[in-house]
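Take a look at the letters that make up each chain.
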Amino acid sequence: MEDFINNFAEQIDETERNEFSKDTKFKDLDEWDSMIALSIIAMMDEEYEITINGDDIKNANTIEDLYKLVNA
Amino acid sequence: MDKNTFSLDGKTILVTGASSGIGKSIAIACSNFGAIVLLLGRNINRLEQSMSLLNGKGHSYYSIDLNKSEDVLNLCNDLPKIDGVVHSAGIVESQLFSFLKEDSLRTILDTNLIAPVMLSKHLIKKKKINKESSIVFISSISGPAITYIGNSSYAASKSAICGIAKTMALELAPKKIRVNTILPAMIETELIDSIDSSSEDIELDKKNYPLGGYGSPEDVASTVIFLLSPASKWMTGTDIKLDGGLTLR
Ligand SMILES: NC(=O)c1ccc[n+]([C@@H]2O[C@H](COP(=O)([O-])OP(=O)(O)OC[C@H]3O[C@@H](n4cnc5c(N)ncnc54)[C@H](OP(=O)(O)O)[C@@H]3O)[C@@H](O)[C@H]2O)c1
């Protein structure tokens, strides 16, 4: 999980790593936009070989929700 | 001028990507306008399905991977003489620039750029393309005009095609062979399904089109008919924007 949060945080430049936890509602972040959404999709593919789409992002609220997709 | 100006009667037209989407629609339209159509694609079932929708007789299909240069050379030897080529085979893969993989960049360039260009070159060199023929490349609005996030390889391939098309147009003009490209914005086909957007985002995106929503494969096909027919005999080296008004804003 920690590893996943690290990878997640890396896609978002302006927010410090220590501001992220498994419960972070990532879509509420100031910087959240469609491009970061695509970075998350690409990161999950590259790091975890998991293919998700825009609807998966839409249906997730917290970082943990996304992490569950990795282990689904 | 009469309606024969837009006719393809007696012409033989080669259409790549004819097993799906825009290419399939183009093949059908060509047959409706009187052409004998040679359909190219990989998937035999879908090629046969496209064949079954054609009007008139004399059509044939060839299952071939256009990235296999040996096979393409052999095919060019086997083909009859033709009066028009429409390059609609193509792939899209969305990848953010910072995640760009060399392999996927090369695959896109191979399929969208090298394959149609080398096919054209072989056909010309082997004198399979008659005088006064027309060559049409289905490029895209993405690259030559605008771009989308994640579209770097695709945009590169589609811009490059426009550059080559103009050079071909200049060099082939003495034979009265014309070369033009069409730049469609989003067209409703299976290709759209391979893009990482949610259905909600797609509905929102459609609102950006002044003429209302995405285009249909038939919209592209009717422009192709114009470019293949004598109606466009004084047009070459042109990129035709076909975007429902998208780029006006
Ligand atoms: N749809 C759009 O919104 C849009 C917008 C602008 C431009 N375009 C361009 O329009 C063209 C057609 O798109 P589409 O939407 O009709 O796509 P599509 O439905 O996915 O069809 C693609 C076609 O290309 C063929 N193809 C792909 N790779 C090939 C290869 N290596 N060898 C031989 N055939 C190959 C496929 O053959 P098999 O299925 O038999 O393998 C299929 O017939 C593409 O060049 C695309 O870039 C599309």
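As a reminder, the structure under discussion sits directly above these lines.
Keep in mind that this is a model prediction, so the values were computed, not measured.

## Examining the nonpolar core
Residue and element names in this part refer to chain B. In terms of nonpolar packing, the biggest core is built from 27 residues, with Leu14, Leu119, Leu123, Ile129, Ile135 and Val179 touching the most fellow members. Elements supplying a minimum of two residues to this core: β2 (36-41), α3 (69-78), β4 (82-87), α4 (102-125), β5 (129-138) and α5 (152-172). Broken down by element, the residue count for this core peaks at 6 residues, all from α4. Ignoring any residue separated from it by four or fewer positions in sequence, one finds Leu119 in contact with Leu14, Thr16, Leu40, Leu66, Val72, Cys76 and His87.

## Details of the state of the cysteines
Taken as a whole and judged by the stated rule, the model has 0 disulfides over all chains. Free of any disulfide, Cys162 of chain B has its nearest neighbouring cysteine sulfur in Cys30 of chain B, separated by 20 Å.

## Section: the interface of chain A and chain B
Contacts between the two partners involve 12 residues from chain A, matched on the other side by 9 residues from chain B. Taken over both partners, the interface formed by chain A and chain B buries close to 970 Å², and the fraction arising from carbon and sulfur atoms is 60%. Area buried by chain A at its contact with chain B is led by Leu38, Glu46 and Lys58 of chain A, which between them contribute 43% of it. Taken together, chain A and chain B are joined by 2 salt bridges. Among the salt bridges present, the one from Lys58 of chain A reaches Asp201 of chain B, with a minimum N-O distance of 3.1 Å. The tally of links between chain A and chain B comes to 1 residue pair in polar contact (both at pLDDT 80 or more). If you list the elements that add at least two residues to the side of chain A that touches chain B, you get α2 (34-48) and α3 (54-59) of chain A. If one sorts the elements of the side of chain A that touches chain B by residue count, α2 of chain A sits on top with 8 residues. Each residue belonging to the side of chain A that touches chain B can be placed in one class, and the counts come to 5 nonpolar, 3 polar and 4 charged.

## Some points on the packing of α3 of chain B against α4 of chain B
All names here are of chain B. Where α3 contacts α4, the axes come no closer than 10 Å and their chain directions differ by 35°. Crossing hand, α3 versus α4: right-handed. Residues Val72, Leu73 and Cys76 of α3 form the contact with α4, whose participating residues are Leu119, His122 and Leu123. Residue classes in the contact of α3 with α4 are distributed as 5 nonpolar, 1 polar and no charged.

## Comments concerning the pattern of salt bridges
Residues and elements named next belong to chain A. Enumeration over the complete set of coordinates arrives at 10 salt bridges over all chains. Residue Lys22 is joined to Asp23 by a salt bridge in which the shortest nitrogen-to-oxygen separation is 3.5 Å. Judged by its relative accessible area of 36%, Lys22 is partly exposed.

## Details of the pairing of strand β1 (residues 12-16) of chain B
All names here are of chain B. Of all 5 residues in β1, 5 are buried; the element is thus mostly enclosed. Burial along β1 is two-sided: the face carrying Thr12, Leu14 and Thr16 and the face carrying Ile13 and Val15 are both buried. Bridge count for β1 against β2 is 5 bridges, and the pairing is parallel. Its bridge partner lying in β2, Val15 is registered against Leu39. For the crossover that starts at β1, traverses helix α1 (residues 21-32) and ends in the parallel β2, the hand is right-handed. Two strands pair when backbone bridges link them, and β1 and β4 are joined in this way by 4 bridges, in the parallel orientation. Paired with Val15 across the strands is Val86, a residue of β4.

## Some remarks on the pairing of β5 of chain B
All names here are of chain B. Across the 10 residues that make up β5, a large majority, 7, are buried. When β4 meets β5, the two strands line up parallel, connected through 5 bridges. Among the inter-strand pairings, Ile82 is bridged to a residue of β5, identified as Ile129. In this region the chain leaves β4, passes through α4 and returns to the parallel neighbour β5; the handedness of that crossover is right-handed. Bridge count for β5 against strand β6 (residues 178-184) is 5 bridges, and the pairing is parallel. Its bridge partner lying in β6, Ile138 is registered against Ile182.

Reading the values: the criteria
Residues numbered from 1 in each chain as written. Chains lettered and ligands numbered in written order. Predicted model: local features only at pLDDT ≥ 70, side-chain atom pairs only at ≥ 80, totals over all residues. Heavy atoms only, no water. Core = buried A, V, L, I, M, F, W, Y, C linked by side-chain atoms within 4.5 Å. Buried < 20%, exposed > 50% of the residue type's maximum accessible area, 1.4 Å probe, protein only. Helix = DSSP H or I, 4+ residues; strand = E, 2+ residues; numbered from the N terminus. Contact = heavy atoms within 4.5 Å. Disulfide = S-S within 2.5 Å. Buried area = accessible area lost by both parts, 1.4 Å probe. Salt bridge = Lys/Arg side-chain N within 4 Å of Asp/Glu carboxyl O. Polar contact = N/O pair within 3.5 Å; in protein donor to acceptor, adjacent residues only side chain to side chain. Nonpolar A, V, L, I, M, F, W, Y, C, P; charged D, E, K, R; others polar. Axes fitted to C-alpha atoms, helices over the stretch in contact; angles between N-to-C directions. Left-handed = near helix turned anticlockwise from the far one by under 90°. Pairing = 2+ DSSP bridges. Right-handed = clockwise from strand over helix to strand, strands pointing away.

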